[in-house]
Amino acid sequence: MPVVERDLQGWDISGSYKPGSSITSFSLVSSSEAVFPDFTYTLSFPLPSVYRVLLTGPYRPRPPHDNIILKYTPSSFKLVSLDEAKATAVFAFPESKSSGNKSREIHLTWKESITLTVWEKNGSEEPIRLLGDLPSRSYALTENGIIRHWWIERENLHLGLGEKGAPIDLTGRSFSMHGTDAAGYDAYEGDPLYKHTPFLISSPKPESQEKALPSTYAIYHPTNSVGSWDIGRAHDDPWGYFKTFIQDWGGLEEWVIVEDGVKEVVKTFADLVGKPRLVGRDWLGYLGMSTLRFVTYRHS
């Protein structure tokens, strides 16, 4: 079935904010003159290394089961700059021990559509863009849900999404997101398999032992809605290659983890969704692939 994509535009600041101040959230609202009014976009930091985007509106409520068990108080973060006339703002990540010598900022613009980018600076090096929304095409409505587009770092290693067919690098492929019993599946071509886990990791590949790697990030959508992930398979000018998440129903709740490597990202993800006990060794013969992957991540 073709996806109808209706871009969300026409945003105003909701509330009063002062540049240089510490805040616990930042909100935008689609104006009464927008094509789709009364939508709310909120940015917050549940943890110093994790930011959360919540996008809801008429007939797009927050997903009813978010699968997050972490009890948290939102972290304060600094509003570095704000220009309401140009519809731009810059936010500093809360200070985190895990970030080491790295500093990170979120750059947000909403002149037309919302565009969020994360920039990282390591010491005296020039800032680099870790991840970013696709300009003019970042957040849109489908018939009953939400569609998201980001730039893709095609040279990165992309992992996750529960159990997916080989190879382990998911770059350049697309996947369905819903639970099924896929006994006897094709290990390379089968999809979907067993798990519904809309959790994608993007990690830079090492170029040399001397050069420090940029941070790894992961995107998690805690929803049980049927959906799909396209990880750089689609190509559309003028954007080129990009990655897309389509959620069939409801508003968007998006958690983005930024850490120094896959190991730290997985540890933080476990803090968010829980740490189940390991299965017994006798399970490893029957559930070889899925359990072995879980054990590898759990002990990394």
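Residues numbered from 1 in each chain as written. Predicted model: local features only at pLDDT ≥ 70, side-chain atom pairs only at ≥ 80, totals over all residues. Heavy atoms only, no water.

## Some details on the layout of surface pockets
The test is simple: The way it works is a 1 Å grid over only the protein atoms, where trapped points that fit a 1.4 Å probe form a cavity and open points with protein on both sides within 12 Å along at least five of seven lines form a pocket, and then any residue with an atom within 4 Å of a point lines it. Grid points are joined across faces, edges and corners, and a volume is the space filled by probe spheres set on the points. Note on conventions: DSSP H or I runs of at least 4 residues are helices, E runs of at least 2 residues are strands, and numbering of each starts at the N terminus. In this classification, the charged set is Asp, Glu, Lys and Arg, the nonpolar set is Ala, Val, Leu, Ile, Met, Phe, Trp, Tyr, Cys and Pro, and all remaining amino acids, among them Gly, are polar.
One number sums up the size of the second largest pocket: a volume of about 490 Å³. Taken together, 22 residues form the lining of the second largest pocket, with Ile128, Glu155, Pro204, Glu207 and Pro214 sitting closest to its centre. For the lining of the second largest pocket, the secondary-structure elements that each account for two or more residues are strand 10 (115-122) and strand 11 (128-132). Of the residues forming the lining of the second largest pocket, the biggest block, three residues, is contributed by strand 11. Residue classes in the lining of the second largest pocket are distributed as eight nonpolar, four polar and 10 charged.

## Observations regarding unusual backbone geometry
With an omega of 0 degrees, the peptide bond running from Ala166 to Pro167 counts as cis. With respect to the helices and strands, Pro167 occurs in the loop between strand 14 (157-160) and strand 15 (173-177). Positive phi values are uncommon outside glycine, yet Asn67 reaches one of about 65 degrees. Within the secondary structure layout, Asn67 lies in the loop between strand 6 (50-56) and strand 7 (77-83). The residue Ser136 is not glycine, and still its phi comes out positive at about 65 degrees. Mapped onto the secondary structure, Ser136 falls in the loop between strand 11 and strand 12 (139-141).

## Some remarks on the pairing of strand 18 (residues 227-236)
Our working rule: By this definition, two strands are paired if DSSP reports at least two bridges between them.
For strand 15 and strand 18, the ladder comprises five bridges, and the chain directions are antiparallel. The residue of strand 18 that forms the bridge with Ser174 is Asp230. Where strand 18 and strand 19 (residues 240-247) come together, seven bridges link them in antiparallel fashion. Looking at the pairing, Asp236 lines up with Gly240 of strand 19. The hairpin formed by strand 18 and strand 19 contains three residues between the paired strands.

## Concerning empty space enclosed by the protein
Applying the stated rule across the entire model yields one cavity of 30 Å³ or more. Here the largest cavity defines a volume of roughly 40 Å³. As for the largest cavity, its lining consists of Tyr51, Val53, Leu116, Leu131, Asp133, Tyr139, Arg148, Trp150, Glu254 and Val256. Counting only elements with at least two residues in the lining of the largest cavity, the list comes to strand 6, strand 13 (146-151) and strand 20 (252-259). Tallied by class, the residues present in the lining of the largest cavity amount to seven nonpolar, no polar and three charged.

## Concerning the side chain of Ser30
To be explicit about the condition: Per-residue accessibility, obtained with a 1.4 Å probe over protein chains only, is compared with the maximum for each type, and a residue is labelled buried under 20%, exposed over 50%, and partly exposed between these values. Side-chain atoms alone can form a polar contact between residues adjacent in sequence; in general such a contact is a pair of N or O atoms within 3.5 Å, and within protein one must be able to donate a hydrogen while the other accepts it.
Along the chain, the position of Ser30 falls in strand 4 (residues 25-30). You can call Ser30 buried: its relative accessible area is 3%. From its side chain, Ser30 meets the backbone nitrogen of Asp38 in a polar contact 3.0 Å long. Polar side-chain contacts of Ser30 include one of 2.7 Å to the backbone nitrogen of Phe39.

## A few points about the sheet that holds strand 11
Across the sheet, which stays open at both edges, the six strands sit in the order 3-7-8-9-10-11 with antiparallel pairing between neighbours. If you trace the sheet from one side to the other, it starts and ends with strand 3 (22-23) and strand 11, each paired once. Across five bridges, the pairing between strand 7 and strand 8 (residues 88-92) is antiparallel. For Asp83, the partnering residue across the bridge sits in strand 8 and is Thr88.

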